Amino acid sequence: KGVLDGVRVDHPDGLRDPQQYCERLRIQAPDAWIVGEKILQPGEFLRENWPIEGTSGYDFLNVCNNLMVHGNGLKELTGIYGEFTGEPIEFEALAHEKKLNVEQEALGSDVNRLTSLFVEICENNRDRRDYTRAEIRRALREVAACFSVYRTYVVPARDQVVDEDRSRIDEAVTCAKMQRQDLEPGLLDFVGDVLALRSRGGLETEFLLRFQQFTSPVMAKGVEDTAFYCFNRMIGMNEVGSDPGRNGITLDEFHGYCTKMQATHPLTMTTLSTHDTKRADDVRARLAVITEIPGRWKTALSRWSRANALFRTGKVPDRNTEYLLYQTMIGAWPVTKDRLIAYMEKATREAKQQTKWTQNNGEFEEALRNFTERILHSHWFVTELENFVGRILNAGRINSLAQTLLKYTAPGVPDTYQGSELWDLSLVDPDNRRAVDYDVRAKLLSELDGGMDVQQIIERMDNGLPKLWVAHTALCLRREHPEWFGAEAAYIAVTADGSKSDHLVGFLRGDSVAVFVPRWPMKLGGNWASTTVNLPHGKWKNRLTHEIVMGGRLRVQTLFPRFPVALLTREAE
């Protein structure tokens, strides 16, 4: 009836035929803005035949997050993490193990249902009748655990199977053969044949549709809700739709993603925080700085662990939990005792290594609670922690301002999660659903509307005014000129030249908007050396500082004289 402007479809992968659902919804709401909470893995994109505007933004969030972390630093952190904790350092192998575990436990009844269907399929195929139920169950669990994406979208009724799905299925079967060499290869091949429509029938169709619905919760429960709490190398990377084992992305990869979005889903949602993110955007922005200073992190980690050893109860907390705790405190500091204890309880139960939701280890949880309280009461440790946070605080805020401006200007429709208009150091649900003080935000916004010099805004850095200023300025610009950011707008990458070129993220939206933000601010140290960038000719106004910049070959440092990021618009001649 036109009452709603937009619809967000929660987890469409749980549907039997997501494309058909989207088509029916589009018919009912032809003018609505529709996005799906589709969790995409790195390198995966929303299917272009779904008649919706895009996703709810996790793909953008992770591209942005990977852009801000330092690749070489992450490689160093791998060694530091493995040495300190003794935990596995290959995330892919860990995720595979956790997916198998969840199939055997929480999703056991689903496995049994699929197994019964496949047993019948084998009974109806003369050369497949020798496989036992136990063999089939193991084969199905292994193939499901080997999927690198949430699911495929094969539809027998429409004879629909694309090359991307065939490739994913074949990769999963090949992986299963490598993982379980005790299983008959022919059985695994047969599973692949049914999933890829190479073997058909009524039972095969029912199995295929149910199996596609099954792999999504396997991924969600095994990876998002378990592995992400076990693999703590850099916890800011452990985000929905992310691969925490990656070592960041290049500028070319970032621009490639944005170019594709503008071409295929220019009105997708862009976001940095949601109700389901593991950490708020500002927590991740600060944690990303650790990847620039892995040596300092290693020194601090070792010093803190030695000093806090007297607060342990036996071997509790274990080294992996202790590592997680320190990074959590760095990212969310200042954090209250109650918030931190509640988070650590949830995190360790989700990890299922020392305690579980279904089987609480009371002794472990009490010892962890005691350890957390005692280090918070240690004047020496709190001083150490605050000194460490103080060293990275400004760089973390620059990261936040950078990714915030990217969110509001990159291809897509930006979403602002409650409370993230200012610095938001929330952790996972329910911490990120705390009440938001909108009176404070309204007051600050009225001050900005009343007219403030950029220097006055920078001086209010501690209360988050610069972040609100970026959001306010960018959104006002989008309201004034929606055509500069819409489906017909262009996205053009701008690259710098010089020794610090990798530190600059720049792009044009058509010929009217130029966006420039820094990355890796700790390593940069404000020194752009002789790095230059070519801005199209003309007279440009920085909307954040009101300064005028003339186009042509510019030294990059001239873009950021008074504010950490730059939003330029071409002025009429």
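Rules used in this analysis
Residues numbered from 1 in each chain as written. Predicted model: local features only at pLDDT ≥ 70, side-chain atom pairs only at ≥ 80, totals over all residues. Heavy atoms only, no water. Helix = DSSP H or I, 4+ residues; strand = E, 2+ residues; numbered from the N terminus. Buried < 20%, exposed > 50% of the residue type's maximum accessible area, 1.4 Å probe, protein only. Contact = heavy atoms within 4.5 Å. Areas by Shrake-Rupley, 256 points an atom, 1.4 Å probe, with all protein chains shown as cover. Lys, Arg positive; Asp, Glu negative; His and termini not counted. Charge placed at Lys NZ, Arg CZ, Asp CG, Glu CD. Salt bridge = Lys/Arg side-chain N within 4 Å of Asp/Glu carboxyl O. Axes fitted to C-alpha atoms, helices over the stretch in contact; angles between N-to-C directions. Parallel < 35°, antiparallel > 145°, perpendicular 65-115°, else oblique. Left-handed = near helix turned anticlockwise from the far one by under 90°. Nonpolar A, V, L, I, M, F, W, Y, C, P; charged D, E, K, R; others polar. Pairing = 2+ DSSP bridges. Disulfide = S-S within 2.5 Å. Core = buried A, V, L, I, M, F, W, Y, C linked by side-chain atoms within 4.5 Å. Phe/Tyr/Trp six-rings, centres within 6.5 Å; stacked < 30°, edge-to-face > 60°. Right-handed = clockwise from strand over helix to strand, strands pointing away. Polar contact = N/O pair within 3.5 Å; in protein donor to acceptor, adjacent residues only side chain to side chain.

A.B. asks: Could you give an account of the overall build of the protein, naming the residues involved and the relevant values?
C.D. replies: Check the secondary structure of the protein and you find 20 helices and 12 strands. Taking the principal axes of the C-alpha coordinates as reference, the protein spans close to 80 × 65 × 45 Å. Burial statistics for the protein: of 573 residues in total, 59% are counted as buried. Sequence separation of 24 or more characterises 73% of the internal contacts of the protein that already satisfy a separation of 6 or more. Accessible area of the protein: about 23,500 Å², with a carbon and sulfur share of 49%. Charged side chains of the protein number 72 positive and 80 negative; the gap between the two group centres comes to 2 Å.

A.B. asks: A description of the side chain of Arg 478 should follow, citing residues and the corresponding values.
C.D. replies: Along the chain, Arg 478 falls in helix 19 (residues 465–480). Here Arg 478 sits buried without a salt bridge, and the closest side chain of opposite charge, Glu 483, lies 10 Å off (N-O distance). The contact partners of Arg 478, leaving out residues within four places of it in the chain, are Tyr 408, Thr 409, Ala 410, Gly 412, Val 413, Pro 414 and Phe 485.

A.B. asks: Just give me the short version of the packing of helix 4 (residues 91–104) against helix 6 (residues 133–145), but keep the residues and values in it.
C.D. replies: The geometry of a pair of packed helices is captured by two quantities: the angle between their axes and the separation between those axes. Helix 6 packs onto helix 4 with a crossing angle of 135 degrees between their chain directions and a minimal axis gap of 9 Å. Classed by the angle they form, the pair helix 4 and helix 6 counts as oblique. Where helix 4 crosses over helix 6, the handedness of that crossing is right-handed. Here His 96, Lys 99, Leu 100, Glu 103 and Gln 104 of helix 4 come into contact with helix 6, specifically with Leu 140, Arg 141, Glu 142, Ala 144 and Ala 145. Looking at side-chain class alone, the contact of helix 4 with helix 6 contains four nonpolar, two polar and four charged residues.

A.B. asks: Got a sec to walk through the pairing of strand 11 (residues 548–555)? Specific residues and values, please.
C.D. replies: Sheet topology note: the strand 10 (residues 532–542)/strand 11 ladder contains seven bridges and is antiparallel. By the bridge assignment for strand 11, Leu 535 is matched with Gly 552. Connecting strand 10 to the antiparallel partner strand 11 that follows it, the hairpin turn spans five residues, and His 546 within it adopts a positive phi of roughly 70 degrees.

A.B. asks: Summarise the state of the cysteines; cite the residues concerned and give the values.
C.D. replies: For the structure on display, the rule yields one disulfide. The disulfide bridge from Cys 146 ends at Cys 175, spanning 2.4 Å between sulfur atoms. What sets the handedness of the Cys 146 and Cys 175 disulfide is the S-S torsion sign, and at about -65 degrees it is left-handed. Separated by 29 residues along the polypeptide, Cys 146 in the loop between helix 6 and helix 7 (163–179) and Cys 175 in helix 7 bring together distant segments of the chain. Assessed through its relative accessible area of 11%, Cys 146 is described here as buried. Here Cys 175 falls in the partly exposed class, since its relative accessible area comes to 22%. With no disulfide of its own, Cys 122 lies 19 Å from the sulfur of Cys 146, the closest cysteine sulfur.

A.B. asks: Can you tell me about the nonpolar core, naming the residues and giving the values?
C.D. replies: Of all hydrophobic cores here, the largest spans 112 residues; its most connected members are Phe 254, Trp 297, Ile 330 and Leu 406. Among the elements that line this core, the one with the most residues is helix 16 (residues 379–409), at 12 residues. Among the nonpolar cores identified, the runner-up in size contains 38 residues, and Ala 144, Leu 188, Val 194 and Phe 211 belong to it.

A.B. asks: Quick one: what's the story with the packing of aromatic side chains, residue by residue and with numbers?
C.D. replies: What the rule picks out here adds up to 20 aromatic pairs. Taken together, a centroid distance of 6.1 Å and an interplanar angle of 55 degrees make the contact between Phe 147 and Phe 211 tilted. Note that Phe 147 is positioned in the loop between helix 6 and helix 7 and Phe 211 in helix 9 (residues 202–224), a separation of 64 residues in sequence. Considering the side-chain rings of Trp 304 and Phe 388, the 5.7 Å spacing of their centres and the 75 degrees angle between planes classify their relative orientation as edge-to-face. Of the two residues, Trp 304 is situated in helix 12 (residues 294–307) and Phe 388 in helix 16; the sequence distance between them amounts to 84 residues. The buried category is assigned to Phe 388, whose relative accessible area is 1%.

A.B. asks: Could you give an account of the pairing of strand 2 (residues 33–36), naming the residues involved and the relevant values?
C.D. replies: The sheet contact formed by strand 1 (residues 6–9) and strand 2 spans four bridges and is parallel. Within strand 2, the residue paired with Gly 6 across the bridge is Trp 33. As for the winding sense of the linkage, the β-α-β connection from strand 1 through helix 1 (residues 18–28) to strand 2 is right-handed. Looking at chain direction, strand 2 and strand 3 (residues 54–55) are connected through two bridges and run parallel. Looking at the pairing, Val 35 lines up with Gly 54 of strand 3.

A.B. asks: Any chance you could break down the side chain of Arg 509 for me, citing the residues and the numbers?
C.D. replies: The residue Arg 509 is located in strand 8 (residues 504–509) in this model. In terms of polar contacts, Arg 509 uses its side chain to reach the backbone carbonyl oxygen of Thr 409, at 2.7 Å. Not counting the four nearest positions on each side in its chain, Arg 509 is found in contact with Gln 262, Thr 409, Ala 410, Pro 411, Trp 484, Phe 485, Gly 486, Ala 489, Ala 490 and Tyr 491.

A.B. asks: Requested: an account of unusual backbone geometry, with residues and values cited.
C.D. replies: The linkage connecting Trp 333 with the following residue, Pro 334, adopts the cis geometry, with an omega of 0 degrees. Mapped onto the elements, Pro 334 comes out in the loop between helix 13 (319–332) and helix 14 (337–351). The omega torsion of the bond from Asp 429 to Pro 430 falls at 10 degrees, within 30 degrees of zero and hence cis. Following the sequence through the fold, Pro 430 ends up in the loop between strand 5 (413–414) and helix 17 (438–449). Even without being a glycine, Trp 520 presents a positive backbone phi close to 55 degrees. With respect to the helices, strands and loops of the structure, Trp 520 is situated in the loop between strand 9 (513–518) and helix 20 (521–524).

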